[in-house]
Amino acid sequence: MMRIFLPVVGLILLALLPLWLSDYGLGLMVGVATYVTLASAWALFSGPTHYVSLATVAFYGIGAYTVAVLNEALPYPLVLMVAGAMGAGLALIVGLSTLRLKGVYFVIFSFGLAELIRQLITWYEVTVTGTLGRYIFLEITTAGIYWQMLGLGALTLLLTAWIHRNRLGLALRVIGDDEAVAAHSGIHLGRVKLIAFVLSAVILTLAGAITSPRYVYVEPSIVFNPTVSFLTVIMALLGGANRLWGPMLGAVPLFLLFEWLSAHFPDSYPIFLGLLFIAVVFVLPNGVIAGGETLRHKLREARA
């Protein structure tokens, strides 16, 4: 009962924050909610399968650019639906052609995907439309963006919890442990991975679409910034990509840390990003939660 009650109370309290926070504080909370959602969506697919995807910003950027293109032509809810559909379509195409890749090959392709899309959009804008960059004219307040992102984050956690308890989650974990064993067990590898990849991609795309009004002005170099992908991976891995609350535990402190670093060390903070990535991989490969459980188990054994 408490497992349901406490998250619901926490969600209500978070929803009430805009009533008390300053504009700066609310802006920070939008960033926190965005990265919690991104990290949780990334972990939905990459956590159990161990496929390290750096394509987060590809879908995030598509969502943002869809809003930039259609915000004056369609009602906002319909624009979000179009963005989600575009993310799902791209994920289907990419998934069908690349989810057979493993290890470093998938990492390289996913990293290159965002750059490919950025270059294609840049070429189209300059060559066809004759301009580069678009304005977003939507009467959506910062509080409205925060509530939308908070809702999307809550839905992502609910979906992840449902998958963890479902046959799909079990199949994904078996695939992550050993794809050969999963295939011999009768699991349809391609279909299972594709379902999780598409679900993750739709959420990432919607996160970009919801956040886009904060930019006001959008161009490919802004919304396809690879730092988004790296931050998302580090946050998910730090908290524990295989745990429901792990991405959130990694996203909240790291976002606040990098906001401080980018403000005080704008030219050198990417160095901290690289060092932290190395530290997470070598010191806490399974995340903070798993590391704490291992330490607690060792202490109990020592006392016994």
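Right above here is the structure, for reference.
Now for a quick tour of the structure.

The rules behind these values
- Residues numbered from 1 in each chain as written.
- Predicted model: local features only at pLDDT ≥ 70, side-chain atom pairs only at ≥ 80, totals over all residues.
- Heavy atoms only, no water.
- Helix = DSSP H or I, 4+ residues; strand = E, 2+ residues; numbered from the N terminus.
- Rg over C-alpha atoms; globule rule 2.2 N^0.38 Å.
- Buried < 20%, exposed > 50% of the residue type's maximum accessible area, 1.4 Å probe, protein only.
- Contact = heavy atoms within 4.5 Å.
- 1 Å grid on protein atoms, 1.4 Å probe; cavity = no way out; pocket = protein on both sides within 12 Å on 5 of 7 lines; lining within 4 Å.
- Points joined across faces, edges and corners; volume = space filled by probe spheres on them.
- Nonpolar A, V, L, I, M, F, W, Y, C, P; charged D, E, K, R; others polar.
- Salt bridge = Lys/Arg side-chain N within 4 Å of Asp/Glu carboxyl O.
- Expected span 1.5 Å × (residues − 1).
- Bend = angle between axes of the 7 residues up to and from the residue.
- Phe/Tyr/Trp six-rings, centres within 6.5 Å; stacked < 30°, edge-to-face > 60°.

### Section: the overall build of the protein
Thought 1: What the protein contains, in helices and strands, is 14 helices and two strands.
Thought 2: The globule rule puts the C-alpha radius of gyration for 304 residues at 19 Å, and the 20 Å found for the protein is close to it.
Thought 3: Dimensions of the protein, computed from the C-alpha atoms along their principal axes, are close to 70 × 50 × 40 Å.
Thought 4: Expressed as a percentage of its 304 residues, the buried residues of the protein come to 45%.

### A few points about the environment of Pro226
Thought 1: Inspection of the secondary structure assignment puts Pro226 in the loop between α10 (220-223) and α11 (227-239).
Thought 2: Distance from Pro226 to Ala114, taken between C-alpha atoms, is 7.7 Å for residues 112 residues apart in sequence.
Thought 3: When sequence neighbours within four positions are dropped, the list of residues in contact with Pro226 reads Val57 and Phe111.

### Structural notes on empty space enclosed by the protein
Thought 1: Evaluation of the coordinates by the stated rule reveals two cavities of 30 Å³ or more.
Thought 2: The space that makes up the largest cavity amounts to roughly 70 Å³.
Thought 3: Taken together, Ser40, Ala43, Leu44, Pro48, Leu157, Thr160, His164, Ala241, Arg243, Leu244 and Pro247 make up the lining of the largest cavity.
Thought 4: For the lining of the largest cavity, the secondary structure elements donating two or more residues are α2 (23-49) and α6 (142-164).
Thought 5: The greatest single-element share of the lining of the largest cavity, amounting to four residues, is contributed by α2.
Thought 6: Per-class residue counts for the lining of the largest cavity are seven nonpolar, three polar and one charged.
Thought 7: In this structure, the second largest cavity is lined by Trp42, Phe45, Ser46, Ser53, Phe59, Phe197, Ser200, Ala201 and Leu204.

### Overview of the pattern of salt bridges
Thought 1: Going through the model one piece at a time under the given rule, you end up with three salt bridges.
Thought 2: The shortest N-O distance in the salt bridge between Glu125 and Arg134 comes to 2.8 Å.
Thought 3: Judged by its relative accessible area of 1%, Glu125 is buried.
Thought 4: Take Arg134: its relative accessible area is 22%, and that puts it in the partly exposed class.
Thought 5: For Glu179, the salt bridge is made with Lys193, and the minimal N-O distance between the two is 3.6 Å. You can see Glu179 sitting in helix α8 (residues 179-184) and its partner Lys193 sitting in helix α9 (residues 189-211), a full 14 residues away along the chain. Each member of the pair Glu179 and Lys193 is classed as buried.

### Considering α2
Thought 1: The end-to-end C-alpha separation of α2 is 39 Å, in line with the 39 Å expected for 27 residues at 1.5 Å each.
Thought 2: The largest bend along α2 reaches roughly 45° and is located at Ala43.
Thought 3: Within α2, 24 of the 27 residues are buried, which leaves it mostly tucked inside the rest of the structure.
Thought 4: In the stretch just after α2, His50 is the one whose phi turns positive, near 65°.

### Some thoughts on the packing of aromatic side chains
Any aromatic ring pair is given by two values, namely how distant the centres are and how the planes are angled relative to each other.
Thought 1: Overall, the coordinates contain eight aromatic pairs when judged by the stated rule.
Thought 2: Ring centres of Phe59 and Phe197 lie 6.0 Å apart, and the angle between their planes is 80°; this geometry places the pair in the edge-to-face category. Remark: Phe197 occurs in helix α9 and Phe59 occurs in helix α3 (residues 56-70); sequence separation between them is 138 residues.
Thought 3: A ring pair is formed by Phe111 and Phe230, whose centres lie 5.9 Å apart and whose planes are at 50°; its orientation type is tilted. On the criterion of sequence distance, the pair formed by Phe111 in helix α5 (residues 104-129) and Phe230 in helix α11 is long-range, its members being 119 residues apart.
Thought 4: Given the relative accessible area of 41%, Phe111 is considered partly exposed.
Thought 5: One aromatic cluster in this structure is built from Phe45, Tyr51, Phe59, Phe106 and Phe197.

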